[in-house]
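The primary structure of each chain is shown beneath.
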Amino acid sequence: MAYKGKFIEEKAAKALMYLSVLVILFFVLSVIYTVLHRGLPVLTWEMVSSLPGGGFYIGKEGGFLNAIVGSLYIVIASTSIGLLIAIPVVFYLNVYLKADSRFGYVARIAYDVLFGIPSIVYGAFGFTIMIYFGLRASLLGGIIVETLLIIPILIRTLDEVAKTIPSDLLDSSYSVGSTRIETIGVVVRQIAPAIATATLLSVGRSIGDAAGVMFTAGFSDSIPTSLSQQAATLPLSVFFQLSAPQLEVQDRAYAAAVVLTVIVLVLSLSGRFIMSRFSKNKI
């Protein structure tokens, strides 16, 4: 009877797991289908290669090149700065601190909390700081907020991989006379795939964020030429066009959503591929 009960529980658990997967797939595919169905028929080369013209947001000529370039500016800059901050933090937590360090334990809890904070909170925080210092919405403000948003993602992703490095490997490095700085080179080789994966995931999260940049980067129909100018992004372009009453403008919003969705999907799938391809540690 006990064996039969466990068998039924196992079957029920499997059924729930399959059902959960099907529900998630249904919603994901529904979103992708809706975006592609509405956006692909109206997506043209002019839209992705030209700036908004006069009356673009009421259905006239132009495109959303400004939003594509603005998103790339913010994502590339914030990801680069985030890596420069996150990688040394991960090295410090896993090379310089002991495994049972109280400070490391508290730091990881703090990063877990920051990881779960919604992007709109980061945007509101950045907006408050900008008001305090008398700053206007600008490309620099968007970069700063997106950097704050992705730093916890980078640190927690890299830290989880770095924690799996066998302590014997580090001890072996120390035993042959390597310094901690030289041992970091060993750690880098072990977590290199995780760095690539974390970078792609962070870019995907950053480029799809609308709430944070709404408060800090502003919006502009031109491509910014300095950090003090406002910058458009794809999520905000989708938001503003979808809010218009004209059906043609709403269709353009879906066209912009197609570009954004393709970018995010490519980055996510690339991250999964890299993680699965290089899952085994290589010395």
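If you're wondering where the values come from, they're calculated on a predicted model, not measured in any experiment. (Residues numbered from 1 in each chain as written. Predicted model: local features only at pLDDT ≥ 70, side-chain atom pairs only at ≥ 80, totals over all residues. Heavy atoms only, no water.)

Regarding its fold elements, the protein chain presents eleven helices and zero strands. Counting helices and strands in the order they occur from the N terminus, the protein chain gives α-α-α-α-α-α-α-α-α-α-α. For the protein chain, the spread of C-alpha atoms along the three principal axes comes to 70 × 60 × 35 Å. Looking at the protein chain as a whole, 40% of its 283 residues are labelled buried. Within the protein chain, contacts between residues at least 6 apart in sequence are counted, and of these 72% link residues at least 24 apart. In the structure as shown, the protein chain presents an accessible area of about 16,100 Å², 71% of it carried by carbon and sulfur atoms. Here the protein chain carries 20 positive and 16 negative side-chain charges, and the mean point of each set is 8 Å from the other. (Helix = DSSP H or I, 4+ residues; strand = E, 2+ residues; numbered from the N terminus. Buried < 20%, exposed > 50% of the residue type's maximum accessible area, 1.4 Å probe, protein only. Contact = heavy atoms within 4.5 Å. Areas by Shrake-Rupley, 256 points an atom, 1.4 Å probe, with all protein chains shown as cover. Lys, Arg positive; Asp, Glu negative; His and termini not counted. Charge placed at Lys NZ, Arg CZ, Asp CG, Glu CD.)

Quick look at the pattern of salt bridges now. This model, assessed by the stated rule, comprises six salt bridges. Linking Glu 160 and Arg 156 is a salt bridge whose minimum nitrogen-to-oxygen distance equals 2.8 Å. You can see Glu 160 and its partner Arg 156 sitting in helix α6 (residues 139-162), four residues apart, about one turn around the helix. Glu 160 gets classed as partly exposed once you look at its relative accessible area, which sits at 38%. Among the ionic contacts, a cluster of salt bridges with common partners joins Arg 108, Asp 112, Arg 156, Asp 159 and Glu 160. (Salt bridge = Lys/Arg side-chain N within 4 Å of Asp/Glu carboxyl O.)

What follows is about helix α4 (residues 102-116). For α4, with 15 residues, the first-to-last C-alpha span of 22 Å sits near the 21 Å given by 1.5 Å per residue. Buried positions along α4 lie against α3 (65-96) and α6. (Expected span 1.5 Å × (residues − 1).)

A few words now on the packing of helix α5 (residues 119-132) against α6. The N-to-C vectors of α5 and α6 enclose an angle of 135 degrees; their axes lie 10 Å apart at closest approach. Classified by the interaxial angle, the pair formed by α5 and α6 is oblique. Once α5 is placed against α6, the crossing between them reads as right-handed. Here Ser 119, Tyr 122, Gly 123, Phe 125, Gly 126 and Met 130 of α5 lie close against α6, whose contacting residues are Gly 141, Val 145, Leu 148, Leu 149 and Pro 152. (Axes fitted to C-alpha atoms, helices over the stretch in contact; angles between N-to-C directions. Parallel < 35°, antiparallel > 145°, perpendicular 65-115°, else oblique. Left-handed = near helix turned anticlockwise from the far one by under 90°.)

This part takes up the nonpolar core. Looking at soluble globular proteins, one finds that nonpolar side chains tend to be buried together. Residues Leu 154, Ile 155, Leu 158, Val 187 and Ile 191 are the most contacted members of the largest nonpolar core, which totals 25 residues. Elements represented by at least two residues in this core include exactly α3, α4, α6 and α8 (180-207). By size, the runner-up hydrophobic cluster in this structure holds 20 residues, among which are Ile 68, Val 75, Ala 257 and Leu 260. (Core = buried A, V, L, I, M, F, W, Y, C linked by side-chain atoms within 4.5 Å.)

On inspection of all chains with the given rule, the structure shows six aromatic pairs. When the centroid spacing of 5.5 Å and the interplanar angle of 70 degrees are considered together, the rings of Phe 26 and Phe 27 count as edge-to-face. Taking relative accessible area as the criterion, Phe 26 reaches 51% and is therefore assigned exposed. For Phe 27, a relative accessible area of 51% puts it in the exposed group. Taken together, the ring pairs in this structure connect Phe 219, Phe 239 and Phe 240 into an aromatic cluster. (Phe/Tyr/Trp six-rings, centres within 6.5 Å; stacked < 30°, edge-to-face > 60°.)

Inspection of the secondary structure assignment puts Asn 66 in helix α3. Since its relative accessible area comes to 1%, Asn 66 is described here as buried. A distance of 2.7 Å separates a polar atom in the side chain of Asn 66 from the backbone oxygen of Ser 220. (Polar contact = N/O pair within 3.5 Å; in protein donor to acceptor, adjacent residues only side chain to side chain.)

Here we come to the packing of α3 against α8. Packed helix pairs are characterised by how far apart their axes lie and by the angle those axes make with each other. Between α3 and α8, whose axes approach to 9 Å, the crossing angle comes to 145 degrees. Crossing handedness for the pair α3 and α8: right-handed. Note on element contacts: α8 touches α3 through Arg 180, Ile 181, Ile 184, Val 187, Val 188, Ile 191, Ile 195, Thr 199, Val 203, Ser 206 and Ile 207, opposite Ser 71, Val 75, Ser 78, Thr 79, Leu 83, Ile 87, Phe 91, Val 95 and Tyr 96. Among the residues making up the contact of α3 with α8, the classes are represented as 14 nonpolar, five polar and one charged. (Nonpolar A, V, L, I, M, F, W, Y, C, P; charged D, E, K, R; others polar.)

Here we take up the side chain of Ser 202. As for its placement among the helices and strands, Ser 202 is situated in helix α8. Taking relative accessible area as the criterion, Ser 202 reaches 0% and is therefore assigned buried. Once you skip the residues sitting within four places of it in the chain, Ser 202 turns out to touch Ile 150, Ile 153 and Leu 154.

Structural measurements only, silent on function.
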